[in-house]
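This is what each chain is made of:
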Amino acid sequence: TAMETTQDCSEGSGSSSERRGRSRNAGCRKERHNLMERERRRRIRVYCDELNVLVPLCHAKCDKVTTLQLTTAYLRYIHKMHGDTFREVPCTGSTYFQL
């Protein structure tokens, strides 16, 4: 798992040569980067799936670009129909929108 990989990478190179230690650190950096990228892609997928559920005309088979296009078109429509009735209301620690 990601946690085990991070722990493996955080362990020192022990009594191995300096060259092997650098090689291992480079491998660990690469592995960590790959894990972070995989997590970033997962989050994008999850939020695109959520938009597919929330936005009319989107469906489960929409690709990410189509989902974003339909979402921006829908938000433009809402803005055109309702204007500034959606306004930002600052709250402690986060932002909420009110009608």
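Since the structure is predicted, the reported quantities are computational estimates derived from the model, not experimental observations.

Visitor: I tried to follow the overall build of the protein chain on my own but got confused; where do I start?
Guide: A tally of helices and strands in the protein chain yields 3 helices and 2 strands. Traced from its N-terminal end to its C-terminal end, the protein chain shows the element sequence α-α-α-β-β. Here the protein chain holds 99 residues, and 12% of them are scored as buried. Long-range contacts, defined as pairs at least 24 residues apart, comprise 7% of the intrachain contacts of the protein chain with a sequence gap of at least 6. Surface exposure of the protein chain reaches about 8,600 Å², of which carbon and sulfur atoms provide 55%.

Visitor: For this particular structure, what's the right way to read the confidence of the model for the protein chain?
Guide: Close reading of the predicted structure is inappropriate where its pLDDT is low. When the pLDDT values of the protein chain are averaged, the result is 80; 65% of them are 70 or greater. The secondary structure element of the protein chain with the lowest average pLDDT is helix 1 (residues 2–10), at 53, and the one with the highest is helix 3 (residues 64–82), at 94.

Visitor: What should I look at first to understand helix 3 in this one?
Guide: Structural remark: α-helix, 3.6 residues per turn; residues separated by three or four positions point the same way. When the terminal C-alpha atoms of helix 3 are compared, their 27 Å separation across 19 residues agrees well with the 27 Å that a helix rising 1.5 Å per residue should span. Taken residue by residue, helix 3 has Thr 67, Thr 71 and Ile 78 as its buried positions. For helix 3, the angular spread of buried residues about the axis comes to 30°, placing them on one side. Away from the buried face of helix 3 by more than 90 degrees, exposed residues Val 65, Gln 69, Arg 76 and Lys 80 are located.

What counts as what
- Residues numbered from 1 in each chain as written.
- Predicted model: local features only at pLDDT ≥ 70, side-chain atom pairs only at ≥ 80, totals over all residues.
- Heavy atoms only, no water.
- Helix = DSSP H or I, 4+ residues; strand = E, 2+ residues; numbered from the N terminus.
- Buried < 20%, exposed > 50% of the residue type's maximum accessible area, 1.4 Å probe, protein only.
- Contact = heavy atoms within 4.5 Å.
- Areas by Shrake-Rupley, 256 points an atom, 1.4 Å probe, with all protein chains shown as cover.
- pLDDT = per-residue confidence, 0-100.
- Expected span 1.5 Å × (residues − 1).
- Arc of directions from axis to C-beta.

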